[in-house]
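Here is what each chain is made of, one letter per residue.
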Amino acid sequence: MHHGSLSPTTARKIQYLRQRINDAGIPPSKLDENLIIGTWNIREFGKSVRREDAIHLIAEIMGQFDVLAITELKDNLDDLERVRKLLGPYYKVVYSDYRNDAAGFQERIAYLYDKRAAEFTGLAAEADPLRMKGKDGEYRQTSPDWWRSPYMASFRAGNFDFVMLTAHIRWSGGVRARAKALKQLADWVEERRSSNYLVDRDFIVLGDFNIPGRRSSAFKAITSGSLQIPPALLNVQGTNLSEKATYDQILHSPTRHERFTGKGGVIRFFRDSHTELYPELSLGKFKNQLSDHLPLWLEVDTWIDDELLEQRLLQEE
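Structure report, in brief.

The rules behind these values
- Residues numbered from 1 in each chain as written.
- Predicted model: local features only at pLDDT ≥ 70, side-chain atom pairs only at ≥ 80, totals over all residues.
- Heavy atoms only, no water.
- Pairing = 2+ DSSP bridges.
- Helix = DSSP H or I, 4+ residues; strand = E, 2+ residues; numbered from the N terminus.
- Axes fitted to C-alpha atoms, helices over the stretch in contact; angles between N-to-C directions.
- Contact = heavy atoms within 4.5 Å.
- Parallel < 35°, antiparallel > 145°, perpendicular 65-115°, else oblique.
- Left-handed = near helix turned anticlockwise from the far one by under 90°.
- Nonpolar A, V, L, I, M, F, W, Y, C, P; charged D, E, K, R; others polar.
- Buried < 20%, exposed > 50% of the residue type's maximum accessible area, 1.4 Å probe, protein only.

As for the sheet that holds strand β2 (residues 67–74)
Stage number 1. Sheet architecture is open: six strands sit in the order β3-β4-β2-β1-β13-β12, paired in mixed fashion. Each edge of the sheet is formed by a strand with only one pairing partner; in this case those strands are β3 (91–95) and β12 (260–266). Averaged over all adjacent pairs, the angle separating strand axes in this sheet is 20 degrees, with direction ignored.
Stage number 2. In the sheet, β3 pairs with strand β4 (residues 107–114) via five bridges, with the strands oriented antiparallel. Following the sheet pairing, Val93 is matched in β4 by Leu112.
Stage number 3. Along the sheet face, helix α2 (residues 52–62) touches β1 (34–45), β2, β3 and β4 and points at about 155 degrees away from the line of β1.

Side note on the packing of helix α1 (residues 8–24) against α2
Stage number 1. Two elements in contact, α1 and α2, have axes separated by 10 Å at closest approach and are oriented at 25 degrees. Relative to α2, α1 is oriented roughly parallel. Remark: the crossing between α1 and α2 carries right-handed chirality. Judged by residue contacts, Thr10, Lys13, Ile14, Leu17, Arg18 and Ile21 of α1 engage Asp53, His56, Leu57, Glu60 and Ile61 from α2.
Stage number 2. Taken together, the residues of the contact of α1 with α2 sort by class into five nonpolar, two polar and four charged.

Quick notes on the sheet that holds strand β5 (residues 119–126)
Stage number 1. The five strands are arranged β5-β8-β9-β10-β11 in an open sheet whose pairing can be described as mixed. Two strands bound the open sheet, and with one partner strand each, they are β5 and β11 (248–253). Neighbour-to-neighbour, the strand axes of this sheet turn through a mean angle of 20 degrees, independent of strand direction.
Stage number 2. Sheet analysis places strand β8 (residues 151–157) next to strand β9 (residues 160–168), joined by seven bridges and oriented antiparallel. Across the sheet, Ala153 pairs through a bridge with Met164, a residue of β9.

Focus on the pairing of strand β10 (residues 203–208)
Stage number 1. In terms of residue burial, β10 counts as a mostly covered element, since six of its six residues are buried.
Stage number 2. As paired elements, β9 and β10 share six bridges and run parallel to each other. Paired with Met164 across the two strands is Ile204, which belongs to β10.
Stage number 3. Direction of pairing for β10 relative to β11: antiparallel, over a ladder of six bridges. Note that in β11 the partner of Asp208 across the bridge is Asp248.

Focus: unusual backbone geometry
Stage number 1. Here the phi dihedral of Glu44 falls at roughly 45 degrees; this positive angle occurs in a residue that is not glycine.
Stage number 2. Locating Glu44 in the fold gives a position in strand β1.
Stage number 3. For Asn210, which is not glycine, the phi torsion reads 50 degrees and is therefore positive.
Stage number 4. For Asn210, the position within the fold is in the loop between β10 and α5 (217–222).

These results come straight from atomic positions and should not be treated as a statement about function.
Okay, here's the thing in structure tokens:
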């Protein structure tokens, strides 16, 4: 991390945040052995210029991840570039375009990754809704459009190849509308995983799904196929600041159930009140500097050499 010259106030805020990150229990990243992945909705990131101290704090959080999916990234990428300069030359980014209409909210999705831990392997594309051929011969989507297209990218860590698919599901229309969009996303994943020409069958699906809780129809919709919540995240109560809603999720269509190590959770910005970090700001202004969502993280086991040997032995039998 290249924080450079800091004011005493900003230095104290970084020191406080580092203690909160330590309390999250994120294990150290080990080359070719594990990978720390995450998803973070950074409130309207790029809509208005953030304060310098906020950029340093956001960089401190992003630096904990090997691969981080970012939602609510706006059309203006200036603040993202400010963060990248602090992170240093090893951090790369791949991001989507934005839709310039009221439903798209000028939002992008991005993957920030440490090239020492993970390699981008070439696939970067939006996911298009499934279509059916009508009687007139025209192909039309089978259900309501995603307001913001999910975005996927392929990576490799050691011998582990995987595809990350990130979505920011609509808020308006209530849980019923979100459930329809999430069922469509779950169906898309199942259809794509059955393809003979899939880049990789290890799908990690993550992002802001606006799911109020795991008993809701929205959560049942996204898990209606093979997508599962890793056991390490079952104890996460929420990803908003009050931790009362499970808006953000990391799900997986497993090819190996032991892929996850059992370690995961959220990074809490503060213990009891945002004033511990920003005493000079109201809660609303605090959310505009950091976010109204907590980062969600998960450790992935990428050491698959033993698995490859077992597969080779089975081929000989």
